[in-house]
Amino acid sequence: MKLYLKELLLFLSAPRIRPTIFGSAKLIGCSILLYYLIMLLSALIFKLIDSAIALPPHKSNQVLNNYSITYLLIIGLSVVPIIEETAFRLYLVYSRINLTISCSLLFYFLFTAISKSKLYHCDTFFFQKLILTSAAGILIYFLLKQFNDQKLKNKFNHNFSYLFYISVLLFSTVHLKNLSFENLFQISIAPILILPQIVLAIVLGYARCVKGLQYSVLIHALINLPIVLVAVASKM
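Parameters and conventions
- Every chain is numbered independently, its residues counted from 1 as its sequence is written.
- Reporting in this predicted model follows two pLDDT cut-offs: at least 70 for local features of residues, and 80 or more for side-chain atom pairs to be given and counted; totals over whole chains, interfaces and linings ignore these cut-offs and use all residues.
- Hydrogens and water molecules were not included; the side-chain quantities draw on all heavy atoms of the structure.
- Helix and strand definitions follow DSSP, with helices as H or I runs of at least four residues and strands as E runs of at least two, each counted in order from the N terminus.
- Values of the radius of gyration come from C-alpha atoms, whereas the globule rule sets the reference at 2.2 Å times the count of residues to the power 0.38.
- Each residue gets one of three labels from its accessible area relative to the maximum for its type: buried under 20%, exposed over 50%, partly exposed in between, using a 1.4 Å probe on protein chains only.
- A helix is expected to span 1.5 Å multiplied by its residue count minus one.
- What the arc describes is the spread of directions from the helix axis to the C-beta atoms.
- We call two residues in contact when some of their heavy atoms are within 4.5 Å.
- At any given residue, the bend is defined as the angle formed between two axes, one fitted to the seven residues that end at that position and one fitted to the seven that begin there.
- Buried residues of nine kinds, namely Ala, Val, Leu, Ile, Met, Phe, Trp, Tyr and Cys, make up a nonpolar core once their side-chain atoms join them within 4.5 Å.

Considering the overall build of the protein chain
For step 1, the next point in the chain: Of the regular secondary structure elements, the protein chain holds 12 helices and zero strands.
For step 2, the next point in the chain: Seen in sequence order, the protein chain has helices and strands lined up from the N terminus as α-α-α-α-α-α-α-α-α-α-α-α.
For step 3, the next point in the chain: By the compact-globule yardstick of 18 Å for 236 residues, the protein chain fits well, its C-alpha radius of gyration being 19 Å.
For step 4, the next point in the chain: Once the C-alpha set of the protein chain is aligned to its principal axes, its extents read approximately 55 × 50 × 35 Å.
For step 5, the next point in the chain: Looking at the 236 residues of the protein chain, the share that counts as buried comes to 43%.

What follows is the structure, encoded as structure tokens:
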């Protein structure tokens, strides 16, 4: 774990696509362990804050209560990890297609926020969002085609650190939708409330850059697993 933290901090000082000294099992295990250690620390901090002033309610409780066991298993262990990793981290390895797919899915998140609909539910806005997302993807791809691919790749690699931290910021910020803010104080401590998501974004981004998207998807799914299993057990 100590070596993993050292490598992670070294990576964060200058993010880039690079190989890792870790095998698959060690990378996955250390990633999950670090996330849950931060979760435990965050829980203690949240408890202290909540004793002074109420924290914003978490909307995920409603989601867990409103959907079937099958839905929770499929969404929590496959759909969410695949969609979120593709949206926020596929583009970290440059190609026009990767950029197009990631940006299209980010527009899907944006359209969902604007329509105040649900991300992973076939509601009345789903097909409208699908059409808009597809249109955005086509437009982005043809816009990218107007630029020299090698020059675009060089620019991308030159600014990779910024792009990596943008992915961390976007992923963390999107998770604010799970909180129902009731006053200015709750809004002011939002960065503390999404600390676990910030660490998760860093851990998954690191896995994506040193091993590949399949590893960030797998780690994401395994991190979701205990939450999903607790939710499933509560419905039995």
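So that's the structure; there's more coming.
A word on helix α6 (residues 126-144)
Each turn of an α-helix holds 3.6 residues, which means side chains three or four residues apart point in the same direction.
For step 1, the next point in the chain: Given a rise of 1.5 Å per residue, 19 residues ought to cover 27 Å, and the 27 Å separating the end C-alpha atoms of α6 matches this to within 8%.
For step 2, the next point in the chain: For α6, every residue scored as buried is listed here: Phe-126, Lys-129, Thr-133, Ala-136, Gly-137, Ile-140 and Leu-144. The arc enclosing the buried residues of α6, seen along the axis, measures out at 105°, which places them on a common side. Away from its buried face by more than 90 degrees, α6 exposes Phe-127, Ile-131, Ile-138, Leu-139 and Phe-142.
For step 3, the next point in the chain: At its buried positions, α6 is contacted by α5 (96-115) and α7 (149-158).

Some points on helix α4 (residues 69-89)
For step 1, the next point in the chain: In this model α4 runs 28 Å from its N-terminal to its C-terminal C-alpha over 21 residues, within 8% of the 30 Å that 1.5 Å per residue would give.
For step 2, the next point in the chain: The sharpest bend along α4 measures roughly 40° and falls at Ile-75.

Quick word on the nonpolar core
For step 1, the next point in the chain: Residues Tyr-4, Leu-8, Leu-27, Leu-34, Phe-164, Tyr-206 and Ile-219 are the most contacted members of the largest nonpolar core, which totals 46 residues.
For step 2, the next point in the chain: Looking at this core, the elements with two or more residues in it are α1 (2-13), α2 (24-52), α4, α5, α6, α8 (160-174), α11 (195-210) and α12 (213-235).
For step 3, the next point in the chain: Ranked by residue count, the leading element in this core is α11, at 10 residues.
For step 4, the next point in the chain: Not counting the four nearest positions on each side in its chain, Leu-8 is found in contact with Leu-34, Ile-202 and Tyr-206.

What to know about unusual backbone geometry
For step 1, the next point in the chain: Although it is not a glycine, Lys-116 adopts a positive phi angle of roughly 55°.
For step 2, the next point in the chain: With respect to the helices and strands, the residue Lys-116 is situated in the loop between α5 and α6.

Overview of the environment of Lys-155
For step 1, the next point in the chain: For Lys-155, the location among the structural elements is in helix α7.
For step 2, the next point in the chain: Overall, Lys-155 belongs to the exposed group, its relative accessible area being 56%.

Points about the environment of Leu-3
For step 1, the next point in the chain: Inspection of the secondary structure assignment puts Leu-3 in helix α1.
For step 2, the next point in the chain: With 27 residues separating them along the chain, Leu-3 and Cys-30 place their C-alpha atoms 9.8 Å apart.
For step 3, the next point in the chain: The residues touching Leu-3, leaving out its near neighbours within four places in the chain, are Ile-21 and Phe-22.

The analysis is restricted to geometry; functional conclusions fall outside its scope.
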